[in-house]
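Breakdown of the fold
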Amino acid sequence: MFEIFLERFRQKTRTVAFPASLPALPPRFRGRPFIDADRCAAAGGCCSCVAACPWHAISFENTKPALDMGMCIFCGECACACPQRALVFTTDWRLASTDRDALVVRPAAYASPRQPGGQGAGLRASSGLADDDDERLYVLPELPITSVTSLAAAFARSFRLRQVTAAGCGACEADLNVLGTVVYDMGRFGIDFVASPRHADAIALTGPAPRNMRAALLDCYAAMPAPKVIIAVGACAISGGMFRRVAPPAPDSIQGAPPQCRPALFIPGCPPHPCTTLDAFLRFLDQRTPR
Amino acid sequence: MLADDVAGLLLAARTEIGSSYPSLTPDIAALHLFERVLYEKFAILPEGHPWLKPVRFDNPAGPGVGEMNFYRIDGDEVHEVAVGPIHAGVIECGHFRFQCLGEEVLYLEISLGYHHRGVEAMLTGGPLARILPLIETVAGDSTAAHAFACCTLLEGLSETLPSPRGQHIRALALELERLACHTGDIGAIAGDVGFLPTSAFCGRLRGDWLNMSAMLCGSRFSRGLFVSGGTAFDLDPALAHVLTDKVVLAARDVQGAVRLIWNSPSVMARLTGIGVLPASVAASLGVVGPPARASGLARDARRSHPLPCLPALEKICVADRGDVGDRTALRYDEALASAALCQNILKDLPAGGCRAEKQEKIYALAPKHIAVALVEGWRGEVCHVALTDEFGHFAAYSIVDPSFHNWAGLAYALRRQQISDFPLCNKSFNLSYCGHDL
Ligand code: SF4
């Protein structure tokens, strides 16, 4: 017993300061992408990034690239391929939105940060991807998370999640699991994982949901009491990710959450960083997170 | 393909087969799943196979997932417990059928395939320009092990030598992965017996190891680190220094956290003698990785089949009882050995670039070749085999995750145990569903 106290004393309290303050992320962390419209135009609309993406997450829209974070695995190939360094991965961890279309990143004007350290402070680009050092700081507008107000009110103080792995590889699951440890201690916000769908308000869905998992997923969803929502965690659950197969035959198409249970919240990443997920959960419940 | 671990040899054999052949499973139990997969994929019938059932249910016209004849024990007092596919925790999916007499489990059958995504089929005809991101998701918690195996294959087939520096950084990522998973699982085992101090400490420490991988490459799961010929990210002396300090600190905390288990008789009583996998059974089922070593089989691909530019592992950790306690202790020993290995790697990183010189050659693979890669991941030996056609494309790409060997070992370990011992046994193996289902 004494030894346990001693060890506890030695290992100290390790719960992260986030969300009370900004999370400490490694410099090489690849977060929300930004495409600088001027630089992109300077490259004359070359399609280097579109061709570089292994998973067709970038498409051409009126001669301009449009990067769908819902399909992106944040490998960074596109940033390396861009001759103008117009496309960068910032260290912004806030990727989630309730609006699927908002996950598409299009070229935008570069805005320099207003004041260092304060509101709207800029974030660096991820280091280690390109050879040149990017000294710029990026300010990205918040992606919309609008939980239906009645839902937010209903779930505000207690939000119970049933995690369903629809053929996820285990990485999204591991970084969801970590939210329950002393490090993120999600329970302090009234958010917890529960064992039964009967006790759940939401499914945190991971994986591309291939044929063999669909029936189990739908059964689980049906077993939940209303109001209920689906939260798609990771590229696979949002779009099928690398396993995306939309072509017929239909039973073998893979596109993430099936049409019968459309997600209300999308959390991109492969896998999303725990801070990305926690930020999404909190904002979904109308709780404030640091900007 | 056969491996001779003692001589460090790989042996290739081939034969012509028609639509059927006499099953080898009755003599060599370790082949039972391989024969089932061959039958499921190519309809080659192993005559006399005692257990010919679907493995991954990948035929849309065939039986639906989980539809098969389960082994059943009849009797007035016997009852059946069915669990899954969706389990209670944050965990992958699979179906378990227990035949129980009261609380005692007489027999456990495990039916998987729910996570079948068709990875091998996606690889055939490749190499895809960017095969690695896909390989990284074969089993998400073994990203480094699978990526390492795939890179080794590609390098072998394109006759490129990996950069020695890159190879060492890869080895570092592999050990960090081992440390994260061993630490996390020891914590989970403690959690399953309700011993919260170790569970809480290890939950945190696991994240610390993952964060070290993120310092290396930006991803907690080493995503994007491995490229053919080396690694995408290098380590400067400053980062190596920071990482060394973190490894030392975290290893010390792991020691402190796990020692609490060894000094708590109530915990040890719960772990000792539970879920025994005798050495003879482990050997005949072909079990690999920590469960094999905990049962006394000195199997470790890092020693028997070291990878290019890397020294062979000096000492294999082994235990002998093969119970949950031994599997826990073994993983603790391995974690500490692995932390020492990380420090060594960080101390003497070879000079030079972290990627091989000739990048463009890498996806030009030798036609009509076969290549094999063996990598000892944290869960055991990861094996990738590729066969190229006359154009240097993959005619077949086959992946054997250690889980593929070990699920049968878990089912065996549960015989004559209490049903409440299942979580403990399960955690001490911690097998991958998607690595099995592909
Ligand atoms: S980072 Fe995303 S968009 Fe860019 S190449 Fe990789 S998958 Fe495609």
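In this convention, every chain numbers its residues from 1, walking through the sequence in written order. To read the labels, note that chains go from A and ligands from 1, taken in the order they are written. Thresholds applied to this predicted model are a pLDDT of at least 70 for local features of residues and 80 or more for the giving and counting of side-chain atom pairs; totals over whole chains, interfaces and linings are not thresholded and use all residues. With hydrogens and water set aside, each side-chain value is computed from the structure's full complement of heavy atoms.

1. Points about the site of the ligand
If you check the shell around the ligand, you find 13 residues, and the closest are Cys 53, Cys 72, Cys 75, Gly 76 and Cys 78 of chain A. Gly is put with the polar residues, along with every residue not named as nonpolar or charged; the nonpolar set is Ala, Val, Leu, Ile, Met, Phe, Trp, Tyr, Cys and Pro, and the charged set is Asp, Glu, Lys and Arg. When grouped by side-chain class, the residues that make up the shell around the ligand number 11 nonpolar, one polar and one charged. It suffices for a single heavy atom of a residue to lie within 4 Å of a molecule or strand for the residue to be listed as near it.

2. Side note on the layout of surface pockets
To find the voids left in a structure, one rolls a probe of water-molecule size over its atoms. Using only the protein atoms, space was sampled on a 1 Å grid; points where a 1.4 Å probe fits but cannot get out form cavities, open sets with protein on both sides within 12 Å along at least five of seven lines form pockets, and lining residues are those with an atom within 4 Å of a point. Grid points are joined across faces, edges and corners, and a volume is the space filled by probe spheres set on the points. Here the largest pocket is characterised by a volume of approximately 2,300 Å³. Its residues assigned to classes, the lining of the largest pocket comprises 35 nonpolar, five polar and 10 charged. Empty space within the second largest pocket amounts to approximately 1,400 Å³. Lining the second largest pocket we find 49 residues, and of these Asn 177 of chain A together with Val 90, Ile 91, Ala 188 and Lys 427 of chain B sit closest to its centre. Put simply, the parts of the chain that give the lining of the second largest pocket at least two residues each are strand E6 (159-165) and helix H6 (171-177) of chain A together with strand E5 (78-83), strand E6 (95-101), helix H5 (164-192), helix H6 (196-217) and helix H14 (422-429) of chain B. The element best represented in the lining of the second largest pocket is H5 of chain B, accounting for seven residues. In this description a helix means any DSSP run of H or I spanning at least four residues, a strand means any run of E spanning at least two, and both kinds are numbered starting from the N terminus.

3. Points about empty space enclosed by the protein
All chains considered together, the criterion is met by seven cavities of 30 Å³ or more. Estimates place the volume of the largest cavity at around 220 Å³. Taken together, 20 residues form the lining of the largest cavity, with Phe 29, Cys 270 and Pro 271 of chain A together with Gly 218 and Ser 219 of chain B sitting closest to its centre. For the lining of the largest cavity, a count of residues per class yields 11 nonpolar, five polar and four charged. Split by domain, the lining of the largest cavity shows at least three residues from each of two domains, domain 1 (22-93) and domain 2 (148-285) of chain A. Empty space within the second largest cavity amounts to approximately 120 Å³. Considering the residues around the second largest cavity, the lining is formed by 18 residues, among which Cys 169, Cys 172, Cys 236 and Cys 270 of chain A together with Arg 223 of chain B are closest to the centre. Looking at the lining of the second largest cavity, the elements with two or more residues in it are H6 and helix H8 (235-239) of chain A. Sorting elements by how many residues they give to the lining of the second largest cavity places H6 of chain A first, with three residues. By residue class, the composition of the lining of the second largest cavity is 10 nonpolar, five polar and three charged. Domains are outlined according to an automatic or database domain assignment.

4. Looking at the interface of chain A and chain B
Counting from both sides, the interface comprises 56 residues of chain A and, opposite them, 60 residues of chain B. Summed over both partners, buried area is the accessible surface (1.4 Å probe) that two parts give up on being assembled. Both sides together, the interface formed by chain A and chain B hides about 4,500 Å², and carbon and sulfur atoms give 60% of it. The largest share of the area that chain A buries against chain B comes from Arg 28, Cys 169 and Asn 212 of chain A, three residues that together contribute 15% of it. Salt bridges are counted wherever a side-chain nitrogen of Lys or Arg sits within 4 Å of a carboxyl oxygen of Asp or Glu. Where chain A packs against chain B, one counts two salt bridges. The salt bridge partner of Arg 220 of chain B is Asp 175 of chain A, with a shortest N-O separation of 2.8 Å. A 3.5 Å cut-off defines polar contacts: any pair of N or O atoms within that distance qualifies, except that in protein one atom must be a possible hydrogen donor and the other a possible acceptor, and neighbouring residues in sequence count only when both atoms are side-chain atoms. Where chain A packs against chain B, one counts 16 residue pairs in polar contact (both at pLDDT 80 or more). Secondary-structure elements contributing two or more residues to the side of chain A that touches chain B are helix H1 (2-11), helix H3 (48-52), E6, H6 and helix H7 (211-222) of chain A. For the side of chain A that touches chain B, a count of residues per class yields 32 nonpolar, 10 polar and 14 charged. Working rule for contacts: check all heavy atoms of both residues, and any pair within 4.5 Å makes them a contact.

5. Let's talk about the domain arrangement of chain A
Bring the parts together and some accessible area is lost; that lost area is often taken as the interface size. All names here are of chain A. According to the domain assignment, chain A contains domain 1 (22-93) and domain 2 (148-285). Look at where the C-alpha atoms of domain 1 and domain 2 centre, and you get two points 26 Å apart. Contacts between the two partners involve 11 residues from domain 1, matched on the other side by 12 residues from domain 2. Interface area for domain 1 against domain 2, summed over the two sides, is near 1,000 Å², with a carbon-plus-sulfur share of 74%. The tally of links between domain 1 and domain 2 comes to zero salt bridges. In this structure, the connection of domain 1 to domain 2 is made through two residue pairs in polar contact (both at pLDDT 80 or more). Class assignment of the residues belonging to the side of domain 1 that touches domain 2 gives a composition of 10 nonpolar, one polar and no charged.

6. Brief notes about helix H9 (residues 274-284) of chain A
Residue and element names in this part refer to chain A. The buried label goes to any residue with under 20% of its type's maximum accessible area, the exposed label to any with over 50%, and the partly exposed label to all in between, with areas taken from a 1.4 Å probe on protein chains only. Among the 11 residues of H9, 11 are classified as buried, and the element is accordingly described as predominantly covered. Within H9 the residues assigned to the buried category are Pro 274, Cys 275, Thr 276, Thr 277, Leu 278, Asp 279, Ala 280, Phe 281, Leu 282, Arg 283 and Phe 284. Looking at the residues trailing H9, positive phi occurs at Asp 286, about 65°.

7. A word on H1 of chain A
Of all the positions in H1 of chain A, only Ile 4, Glu 7 and Gln 11 of chain A are classed as buried. Projection of H1 of chain A onto a plane perpendicular to its axis shows the buried side chains occupying an angular sector of 65°, all on one side. Of the exposed residues in H1 of chain A, the ones pointing more than 90 degrees away from its buried face are Phe 2, Phe 5 and Phe 9 of chain A. Elements in contact with the buried residues of H1 of chain A: H6 and helix H7 (237-262) of chain B. The first or second residue beyond H1 of chain A is Lys 12 of chain A, which carries a positive phi of 65°. The directions from the helix axis to the C-beta atoms form the arc being described.

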